Amino acid sequence: MTRTKGATELPLNTILSGDCIAEMNSLPEGSVDLIFADPPYNLQLKGALHRPDNSKVDAVDNDWDRFDSFAAYDRFTHDWLAAARRVLKPNGAIWVIGSYHNVFRMGAELQNLGFWILNDVVWRKSNPMPNFRGKRLTNAHETLIWASKSEGAKYTFNYEALKALNEGVQMRSDWVLPICTGHERLKDDKGDKAHPTQKPESLLHRVLLATTNPGDVVLDPFFGTGTTGAVAKMLGRDFIGIEREEAYRKVAERRLAKVRKFDREALVVSASKRAEPRVPFGQLVERGLLRPGEVLMSPRGKTAKVRADGTLVGEAVTGSIHQVGAAFEGAPSCNGWTYWHYHREGQMVPIDVLRQQVRAQMHD
């Protein structure tokens, strides 16, 4: 739905009507987890763009992309980024996207305002629009900047989820994704493009999967036809959109009404080991998964006995599962969870299996 000014609560899953700077300043300070911003690019077009056959190119020539000067654009950039920083939580982050026309100016202003740039990402378009005049290289990419609110601030990064998305390989900062075409390209009542710079859902899927968690609040101050909101809704995130153009709001509302959230199980993503709940070895003893006096064995046949306080004793060495393992191997450190095994039904099983059982119960 579209909301007008006046409400004081955080307007979740709503499209706000009005100027993005004023609307962001009306939101509670420190209330948003992530901002994705696709602002006007200030393309500086000097008239219509034509193909070699003299047919007109459907380029961005809307009034909202027109600024009198670079200075005017810089003032606008400063004002909306300052409003965005105010509304971000201390551990929040921002993504901005742009072309060569504006991304460098946004990057400088991000740093001027105290944001800390984490990565720049090159979105390489697998199907870019050609350069019709043949006087420059084909513009085959756009640049995204990902920044935390300040240097040293914590932020969400689902590293393992992105790695899984990339078939087990660490995700790089160059993303090859198609531009928005075909059935995904929204049309207005006349059958024309509803928005000239509609972003593909695949791009937002990657951004939100990487840097938010279910239940997080995602703000898009240049909402357009609602790609950010649609993907946020599917992924179980809350969204706030701001859009001053009524025609875009209407298209976005129709689009969002058709979107359904994925089921809860489908929203769970791969987590890093560090993000998993800590389980002390002693909990396995407390829960009866291992008994005091039970003998554990190393891969090379060394043995140690479990004690009631969750320590091990073996060959005149006493300590944690890690300390005793390191002593047996003459190593500076040892991961006791994978080093030690227990006997069950004639099989040697890593004690880490028991830790995972405890973790699974914590999530229930």
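This structure is a prediction, so every number in the text was calculated from the model and none was measured.

Draft legend 1. Main features of the overall build of the protein. A count of helices and strands for the protein gives twelve helices and 15 strands. The burial tally for the protein puts 44% of its 364 residues in the buried class. Within the protein, residue pairs in contact and separated by at least 24 positions form 66% of the contacts whose partners lie at least 6 positions apart. Of the roughly 19,300 Å² of accessible surface on the protein, a fraction of 49% belongs to carbon and sulfur atoms.

Draft legend 2. Structural context of the pairing of strand 6 (residues 141-148). Of all the eight residues making up strand 6, seven are buried; the element is thus mostly covered by neighbouring parts of the structure. The pairing of strand 4 (residues 88-98) with strand 6 spans six bridges and is classified as antiparallel. Note that in strand 6 the partner of Val96 across the bridge is Ile145. Where strand 5 (residues 116-125) lies against strand 6, eight bridges are found, and the strand directions are antiparallel. Within the sheet, the bridge partner assigned to Val121 lies in strand 6 and is Leu144.

Draft legend 3. Focus on the packing of aromatic side chains. Taken as a whole, this structure holds twelve aromatic pairs when the rule is applied. Where Phe281 meets Trp337, the ring centres are 6.1 Å apart and the plane angle is 65°; that geometry is what we call edge-to-face. Of the two residues, Phe281 is situated in helix 9 (residues 281-286) and Trp337 in helix 11 (residues 336-339); the sequence distance between them amounts to 56 residues. An identical accessibility class is assigned to Phe281 and Trp337; each is buried. Grouped by ring-pair contacts, the aromatic residues Trp95, Trp146, Tyr155, Phe157, Tyr159 and Trp175 constitute a single cluster. Lying across the ring of Trp175, Arg206 places its NZ or CZ 5.0 Å from the centre. It is Lys302 that lies over the ring of Phe328; its NZ or CZ is 5.7 Å from the centre.

Draft legend 4. Layout of the pattern of salt bridges. For the structure shown, the criterion picks out eleven salt bridges. Between Lys199 and Asp38 there is a salt bridge whose closest N-O contact spans 2.8 Å. Within this pair, whereas Lys199 is found in the loop between strand 7 (174-177) and helix 5 (201-211), its partner Asp38 is found in the loop between strand 3 (32-37) and helix 2 (70-87), the two being separated by 161 residues in sequence. The residues Lys199 and Asp38 share a single accessibility class, namely buried. For Glu294, the salt bridge identified is with Arg344, shortest N-O distance 2.8 Å.

Draft legend 5. Just the packing of helix 5 against helix 6 (residues 227-234), in detail. Contact geometry for helix 5 and helix 6: axes closest at 9 Å, N-to-C directions at 55°. Classified by the angle between their axes, helix 5 and helix 6 sit oblique to one another. Judged by the sense of rotation from one axis to the other, the crossing of helix 5 with helix 6 is right-handed. Counting all contacts with helix 5, which are made through Glu201, Leu204, His205 and Leu208, the residues of helix 6 involved are Thr227, Thr228, Ala230, Val231, Ala232 and Met234. Residue composition of the contact of helix 5 with helix 6, by class: six nonpolar, three polar and one charged.

Draft legend 6. Main features of the nonpolar core. Counting residues in hydrophobic clusters, the biggest one holds 33 residues, and the most contacted among them are Trp95, Leu144, Trp175, Leu203, Val207 and Leu208. The dominant element in this core, judged by the number of residues it contributes, is helix 5, at five residues. Residues Ile35, Leu110, Leu113 and Ala147 belong to the second largest nonpolar core, which totals 30 residues.

Draft legend 7. Fine view of the side chain of Glu109. Mapped onto the elements of the fold, Glu109 is located in helix 3 (residues 103-112). Despite its burial, Glu109 pairs with no opposite charge; the closest candidate is Arg105, at 8.6 Å N-O. The contact partners of Glu109, leaving out residues within four places of it in the chain, are Thr77, His78 and Leu81.

Draft legend 8. Structural detail: unusual backbone geometry. With a phi close to 50°, Glu315 is a non-glycine residue in the positive phi region. For Glu315, the position within the fold is in the loop between strand 12 (312-314) and strand 13 (317-319). The phi dihedral of Ala316 falls on the positive side, at around 65°, and the residue is not glycine. Inspection of the secondary structure assignment puts Ala316 in the loop between strand 12 and strand 13.

Draft legend 9. Focus on helix 10 (residues 321-329). Every buried residue belonging to helix 10 is among Ile321, Val324, Gly325, Ala326 and Phe328, and all of these are buried. Buried residues belonging to helix 10 abut helix 9, strand 11 (303-306), strand 12, strand 13 and helix 11. Note on helix 10: the residue one or two positions beyond its end, Gly330, has a positive phi of about 65°.

Rules behind the numbers
Residues numbered from 1 in each chain as written. Predicted model: local features only at pLDDT ≥ 70, side-chain atom pairs only at ≥ 80, totals over all residues. Heavy atoms only, no water. Helix = DSSP H or I, 4+ residues; strand = E, 2+ residues; numbered from the N terminus. Buried < 20%, exposed > 50% of the residue type's maximum accessible area, 1.4 Å probe, protein only. Contact = heavy atoms within 4.5 Å. Areas by Shrake-Rupley, 256 points an atom, 1.4 Å probe, with all protein chains shown as cover. Pairing = 2+ DSSP bridges. Phe/Tyr/Trp six-rings, centres within 6.5 Å; stacked < 30°, edge-to-face > 60°. Lys NZ or Arg CZ within 6 Å of the ring centre and 35° of its normal. Salt bridge = Lys/Arg side-chain N within 4 Å of Asp/Glu carboxyl O. Axes fitted to C-alpha atoms, helices over the stretch in contact; angles between N-to-C directions. Parallel < 35°, antiparallel > 145°, perpendicular 65-115°, else oblique. Left-handed = near helix turned anticlockwise from the far one by under 90°. Nonpolar A, V, L, I, M, F, W, Y, C, P; charged D, E, K, R; others polar. Core = buried A, V, L, I, M, F, W, Y, C linked by side-chain atoms within 4.5 Å. Lys, Arg positive; Asp, Glu negative; His and termini not counted.

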